[in-house]
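What follows is the residue order along each chain.
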Amino acid sequence: DVQLQASGGGLVQAGGSLKLSCTASGFAFGDRAIGWYRQAPGKDREGVACISDLDGRIYYSDSVKGRFALYSDAAKNTAYLQMNNLKPEDTAVYYCAVNLVAYYSGEYFCHNGMDYWGKGTLVTVSS
């Protein structure tokens, strides 16, 4: 079974940093698409950072570009989202997701979602 476990959320002041982790089991990294999404209360889900092995390019949403970074450690089967200069509008439940086939770009997956999802981790940014 594919399982994803996100962790690392918490309460942080505006301007601070957090690093989210997504540990995967049931498959190996490689030739996949991996992404981070978030959903704030009353808002639609937003794909904030996604990468597809189709082209290896990382897509970032405009709202996080320059502040967030997605990277992974294949040896640990773990993906990370480093979040810097956090803003109150970054407050949301963050989810990691994976698609076992990488037929599309990271941007496509960020806009359309992936097949497997982990439980979310809450990030709260105070002003």
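Here the structure is shown first, and the text comes after it.
Residues numbered from 1 in each chain as written. Predicted model: local features only at pLDDT ≥ 70, side-chain atom pairs only at ≥ 80, totals over all residues. Heavy atoms only, no water.

1. Some remarks on the pairing of strand β5 (residues 46-52)
Across a regular strand the side chains alternate sides, sitting on one face of the sheet and then on the other. Threshold: Burial status follows relative accessibility: with a 1.4 Å probe on protein chains alone, a residue under 20% of its type maximum counts as buried, one over 50% as exposed, and anything between as partly exposed. Labels follow the DSSP assignment, with helices taken as runs of H or I lasting at least four residues and strands as runs of E lasting at least two, numbered in each case from the N terminus. We call two strands paired when DSSP finds no fewer than two bridges between them.
By the criterion of burial, β5 is predominantly enclosed, with six of the seven residues buried. Bridging between strand β4 (residues 33-39) and β5 involves six bridges; their strand directions are antiparallel. Residue pairing in the sheet places G35 in a bridge with C50 of β5. Between β4 and β5, which follow one another and run antiparallel, lie six residues, and G42 among them has a positive phi close to 80°.

2. Quick look at the environment of W117
Here is the rule: Any two residues whose heavy atoms approach within 4.5 Å at even a single point are treated as in contact. Identification of polar contacts relies on pairs of N or O atoms within 3.5 Å, with a donor-acceptor requirement for protein atoms, meaning one able to donate a hydrogen and the other able to accept it, and with residues adjacent in sequence counted only if both atoms are side-chain atoms.
Its location among the elements puts W117 in strand β10 (residues 116-117). Residue class for W117 comes out partly exposed when judged on its relative accessible area of 31%. Along the primary structure W117 and G56 are separated by 61 residues, whereas in three dimensions their C-alpha atoms are 21 Å apart. Filtering out sequence-adjacent residues up to four positions away, W117 remains in contact with L4, Y37, R45, Y95, C96 and A97. Reaching out from W117, the side chain makes a polar contact with the backbone oxygen of M114 at a distance of 2.8 Å.

3. Focus on the side chain of D90
Within the element layout of this structure, D90 appears in the loop between β8 (78-83) and β9 (92-99). Among the polar contacts made by the side chain of D90, one reaches the main-chain amide nitrogen of K87 at a distance of 2.8 Å. Apart from the residues within four sequence positions on either side, D90 is in contact with R38, R67, F68, N85, V123 and V125.

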